[in-house]
Amino acid sequence: MLDAFSRAVVSADASTATVGDIGALKAFIASGNRRLDAVNAIASNASCMVSDAVAGMICENQGLIQAGGNCYPNRRMAACLRDAEIILRYVTYALLAGDASVLDDRCLNGLKETYAALGVPTTSTVRAVQIMKAQAAAHIQDNPSESFAGAKLRKMGSIVVEDRCASLVAEASSYFDRVISALS
Amino acid sequence: MKSVLTTVIASADAAGRFPSSSDLESVQGSIQRAAARLEAAEKLAANIDNVAKEAYDACIKKYPYLNNAGEANSTDVFKAKCARDIKHYLRLVQYCLVVGGTGPLDEWGIAGQREVYRALSLPTAPYVEALSFARNRGCAPRDMSAQALTEYNALLDYAINSLS
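These numbers come from a predicted model, not from an experiment.

Some words on the overall build of chain B
- Of regular secondary structure, chain B possesses seven helices and zero strands.
- Along chain B, from the amino end to the carboxyl end, the secondary structure elements read α-α-α-α-α-α-α.
- Projected onto the principal axes, the alpha-carbon positions of chain B cover approximately 60 × 40 × 20 Å.
- For chain B, the proportion of its 164 residues judged to be buried stands at 46%.
- Long-range pairs, those at least 24 residues apart, make up 68% of the contacts in chain B between residues at least 6 apart in sequence.

Set out below in structure tokens:
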């Protein structure tokens, strides 16, 4: 498993050079608290995000919870919730590390083949991941949609930085995209 | 590669939980110390050739027998390899400064070190002398800030201890 720092070291070692681009790592350090807040925003809302994403996926495709569907009976629905949580957890790890290696090695490696063998439908899984991607962006920005969330609106606090951590939103989205492309 | 970040993630993963607030605390602790580490890494990278050259000269000066025929520093090829080895150690120290842990030294320097030096019948004392020279040569605030120098010296000490 690598993080942003060891990634820089491994690529420098490939050419037996010293690590030259210290500037990018300094930026990582300088925005460290933002990153921790973003990780906290996802971790604190994880179970809400997971159940919403799976519920949303089912809403759009009721067949999943009818007899023969992949979320029927409860046992398989529970497996689905567990898997969504696992994917979200590894995305959170990747966001904390600033590098996708933990997500690749421990979650995505062989996931597509496993799902194919188990008969898990890719399109539904991808849809749930897409919903979690949107949720993660909203929680990192701390800008969840009032019209969608209604009474369940969750906020972390007040705005700390003006750009609402745009770079971290982009980074988190890229990890979700990685999951989606690994599955499809 | 072991660092504060990867250790935190590995233990959270072993327990199957999201990063907890105490996990985030320990990451923040490492981030707070990182500015000094990165400063040392930057300064070392800018001067690594000179630092390695001085350290190499110092160890040959202390152990002139290495220049005798058949010894480790006798030919131009050997001399170049000795100087390269010293620079390797300093490069690994720079990597450790970047990562914030001893992972690079452990994995790429120390693992198998004893076996390699025994197989090539290389003495470790000159390496110790070279790294000790580098360790005592650094000076704050001339070369880097005091905190950066502390981090740098701690890693050189780690490398020295692995050789002695």
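Notes on the interface of chain A and chain B
- The partner chain B presents 31 residues to the 35 residues of chain A that form the contact.
- For the pair chain A and chain B, the two sides together bury roughly 3000 Å², of which 73% comes from carbon and sulfur.
- When the buried surface of chain A facing chain B is broken down by residue, Met1, Thr18 and Tyr93 of chain A rank first, second and third, together holding 19% of it.
- Remark: the boundary between chain A and chain B carries four salt bridges.
- When the residues that make up the side of chain A that touches chain B are grouped by side-chain class, the tally is 22 nonpolar, seven polar and six charged.

Some details on empty space enclosed by the protein
Residue and element names in this part refer to chain B.
- This structure, assessed with the given rule, holds one cavity of 30 Å³ or more.
- Of the volumes computed, that of the largest cavity is approximately 110 Å³.
- Every element with two or more residues in the lining of the largest cavity is listed here: α2 (21-62), α3 (76-99) and α6 (125-137).
- Taken together, the residues of the lining of the largest cavity sort by class into 10 nonpolar, no polar and no charged.

Brief notes about the side chain of Ser124 of chain A
Residues and elements named next belong to chain A.
- Secondary-structure assignment places Ser124 in helix α8 (residues 122-141).
- Among the residues examined, Ser124 registers a relative accessible area of 8% and is labelled buried.
- When neighbours within four sequence positions are excluded, Ser124 is seen to be in contact with Met57, Asn61 and Leu64.

So, the packing of aromatic side chains
- Taken as a whole, this structure holds six aromatic pairs over all chains when the rule is applied.
- Consider the rings of Tyr89 of chain B and Tyr127 of chain B, whose centres lie 5.9 Å apart with planes at 65°: the pair is edge-to-face. Highlighted residues: Tyr89 of chain B in helix α3 and Tyr127 of chain B in helix α6, separated in sequence by 38 residues. Here the two residues Tyr89 of chain B and Tyr127 of chain B agree in accessibility, since each one is buried.
- Ring geometry for Tyr95 of chain B against Trp108 of chain B: centres 6.0 Å apart, planes inclined by 80°, an arrangement best described as edge-to-face. Taken together, the positions of Tyr95 of chain B in helix α3 and Trp108 of chain B in helix α4 (residues 103-110) put the pair 13 residues apart, joining distant regions of the chain.
- Judged by its relative accessible area of 0%, Tyr95 of chain B falls in the buried class.
- Given a relative accessible area of 32%, Trp108 of chain B falls into the partly exposed group.
- One Lys or Arg, Arg89 of chain A, reaches over the ring of Tyr90 of chain A and ends 5.0 Å from the middle of that ring.
- The ring of Phe5 of chain A has Arg37 of chain B sitting right over it, with the charged end atom 5.9 Å from the ring centre.

Remarks on the pattern of salt bridges
- With the rule as written, the count across this model stands at 20 salt bridges over all chains.
- Residues Asp13 of chain A and Arg91 of chain B are paired through a salt bridge, measuring 2.9 Å at the closest nitrogen-oxygen approach. Residue Asp13 of chain A is located in helix α1 (residues 4-14), and its partner Arg91 of chain B is located in helix α3; the two belong to separate chains.
- Its relative accessible area of 8% is what places Arg91 of chain B among the buried residues.
- Ionic pairing is found between Lys43 of chain B and Glu39 of chain B, a salt bridge with its closest N-O pair at 3.1 Å. With a gap of four residues between them, Lys43 of chain B and Glu39 of chain B both fall in helix α2, about one helical turn apart.
- For Lys43 of chain B, a relative accessible area of 35% translates into the label partly exposed.

Quick word on the environment of Ser174 of chain A
- Among the secondary structure elements, Ser174 of chain A is positioned in helix α10 (residues 166-183).
- Remark: the alpha-carbon pair of Ser174 of chain A and Lys133 of chain A, spanning 41 residues in sequence, is separated by 9.1 Å.

Some thoughts on the packing of helix α5 (residues 74-97) of chain A against helix α6 (residues 101-108) of chain A
All names here are of chain A.
- Look at α5 against α6: their axes get within 8 Å of each other, and the N-to-C directions meet at 155°. On the basis of the axis angle, α5 is roughly antiparallel to α6. Seen along the crossing, α5 lies across α6 with a hand that is right-handed. Contact residues: α5 offers Ile87, Tyr90, Val91, Tyr93 and Ala94, while α6 offers Val102, Leu103, Arg106 and Cys107.
- A breakdown of the residues in the contact of α5 with α6 according to their chemical character gives eight nonpolar, no polar and one charged.

A closer look at the environment of Gly56 of chain A
Residues and elements named next belong to chain A.
- You can see Gly56 is positioned in helix α4 (residues 46-60).
- A relative accessible area of 19% means that Gly56 is categorised as buried.
- In this structure, the C-alpha to C-alpha distance between Gly56 and Arg127, residues 71 residues apart in sequence, is 8.7 Å.

What counts and how
- Residues numbered from 1 in each chain as written.
- Chains lettered and ligands numbered in written order.
- Predicted model: local features only at pLDDT ≥ 70, side-chain atom pairs only at ≥ 80, totals over all residues.
- Heavy atoms only, no water.
- Helix = DSSP H or I, 4+ residues; strand = E, 2+ residues; numbered from the N terminus.
- Buried < 20%, exposed > 50% of the residue type's maximum accessible area, 1.4 Å probe, protein only.
- Contact = heavy atoms within 4.5 Å.
- Buried area = accessible area lost by both parts, 1.4 Å probe.
- Salt bridge = Lys/Arg side-chain N within 4 Å of Asp/Glu carboxyl O.
- Nonpolar A, V, L, I, M, F, W, Y, C, P; charged D, E, K, R; others polar.
- 1 Å grid on protein atoms, 1.4 Å probe; cavity = no way out; pocket = protein on both sides within 12 Å on 5 of 7 lines; lining within 4 Å.
- Points joined across faces, edges and corners; volume = space filled by probe spheres on them.
- Phe/Tyr/Trp six-rings, centres within 6.5 Å; stacked < 30°, edge-to-face > 60°.
- Lys NZ or Arg CZ within 6 Å of the ring centre and 35° of its normal.
- Axes fitted to C-alpha atoms, helices over the stretch in contact; angles between N-to-C directions.
- Parallel < 35°, antiparallel > 145°, perpendicular 65-115°, else oblique.
- Left-handed = near helix turned anticlockwise from the far one by under 90°.

By themselves, these are just geometric observations and shouldn't be taken as functional.
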